Amino acid sequence: MEETAVKTKISKTKAIKEFYDWAESILFALIGVVAVLTFVVRGTVVDGPSMIPTLENEQFLSFTHIYKSLNYNDIVIAHAKDLPNDNGGIGKNVIKRVIGLPGDTISIDPVEGAVYRNGEKLPTEVVNGVIYEDGHMISDYTRTLRDNMPEFPYSVTVPENHIFVMGDNRNHSRDSRDSEIGMIEMNYVIGKAFLRLTPFKSFGFIN
């Protein structure tokens, strides 16, 4: 009888220890997730149609502000410091695609509907009725210049420590073609988007 009681006590002690070990593992995992979400990964909501067909209005994205460098076709969240916001003030975050890096000359031919980088036309192809430019989808050929852009021919050289960005919805996007956004200073790039979280049917990494 005494031996049975001892075994029962040992079993309870072992079960309690296993429970605390399990709870400790869960706690550390949660702390890790919170740390990642706080210091590495953040979230943002797409506001407007400027990135259609890649991103749609009100989709929720994950982005990170920790990266080695920016590359062509990265999708970035940036602060456009001179763009009017919805609260009547100045300064608004935008989500756009990197088209030009420091030192690049970006030219746009709205008649041809083409974008040139350093004198070379960005390659385009049509697959199943969808236009791909430089490997990613765009809504249409780049026909429209913003009302407050310089007259065509439009050609600019990206200054040091800046990027030239455009929306994939080329004829319905306020971006570096617009004087209220212009070329984005690197210091105003908040992060790079990499994952589409909602709606769940669209969940996946962003191309």
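Provided above is the structure to which this section pertains.
In what follows, the accompanying structure is described. (Residues numbered from 1 in each chain as written. Predicted model: local features only at pLDDT ≥ 70, side-chain atom pairs only at ≥ 80, totals over all residues. Heavy atoms only, no water.)

1. Considering the sheet that holds strand S6 (residues 114–117)
Argument step 1. What the 4 strands build is an open sheet, ordered S7-S6-S5-S11; its pairing is antiparallel. Of all the strands in the sheet, the pair left with one neighbour each is strand S7 (120–121) and strand S11 (154–157).
Argument step 2. Where S6 lies against S7, 2 bridges are found, and the strand directions are antiparallel. Its bridge partner being in S7, Tyr116 is matched across the sheet by Lys121. (Pairing = 2+ DSSP bridges. Helix = DSSP H or I, 4+ residues; strand = E, 2+ residues; numbered from the N terminus.)

2. Some points on the pairing of strand S2 (residues 60–64)
Argument step 1. Across the 5 residues of S2, 4 count as buried, placing the element largely inside the fold.
Argument step 2. Sheet topology places S2 next to strand S14 (residues 189–198); 5 bridges connect them, and they run antiparallel. Across the sheet, the residue bridging to Thr64 is Lys192, located in S14. (Buried < 20%, exposed > 50% of the residue type's maximum accessible area, 1.4 Å probe, protein only.)

3. Description of the packing of aromatic side chains
Argument step 1. For the structure shown, the criterion picks out 0 aromatic pairs.
Argument step 2. In this arrangement the basic side chain of Arg117 is found over the ring face of Tyr72, its NZ or CZ atom lying 3.6 Å from the centre. (Phe/Tyr/Trp six-rings, centres within 6.5 Å; stacked < 30°, edge-to-face > 60°. Lys NZ or Arg CZ within 6 Å of the ring centre and 35° of its normal.)

4. Focus: the pairing of strand S12 (residues 162–166)
Argument step 1. In terms of burial, S12 is largely enclosed, as 5 of its 5 residues are buried.
Argument step 2. Going residue by residue along S12, you find His162, Phe164 and Met166 tucked away on one face and Ile163 and Val165 tucked away on the opposite face as well.
Argument step 3. Where strand S4 (residues 90–100) and S12 come together, 3 bridges link them in antiparallel fashion. Along S12, the bridge assignment pairs Arg97 with Met166.
Argument step 4. As paired elements, S12 and strand S13 (residues 184–185) share 2 bridges and run antiparallel to each other. Counterpart to Ile163 in the pairing with S13 is Ile184.

5. Re unusual backbone geometry
Argument step 1. With omega at 10°, the peptide bond leading from Ile52 into Pro53 counts as cis.
Argument step 2. Here Thr198 and Pro199 are connected by a cis peptide whose omega angle stands at -5°.
Argument step 3. Here Glu58, not a glycine, exhibits a phi torsion of approximately 75°, which is positive.
Argument step 4. Turning to its location among the elements, Glu58 is positioned in the loop between strand S1 (41–45) and S2.
Argument step 5. In the Ramachandran plot, Asn161 falls in the positive-phi region, its phi being about 65° despite a non-glycine side chain.
Argument step 6. Structurally, the position occupied by Asn161 is in the loop between S11 and S12.

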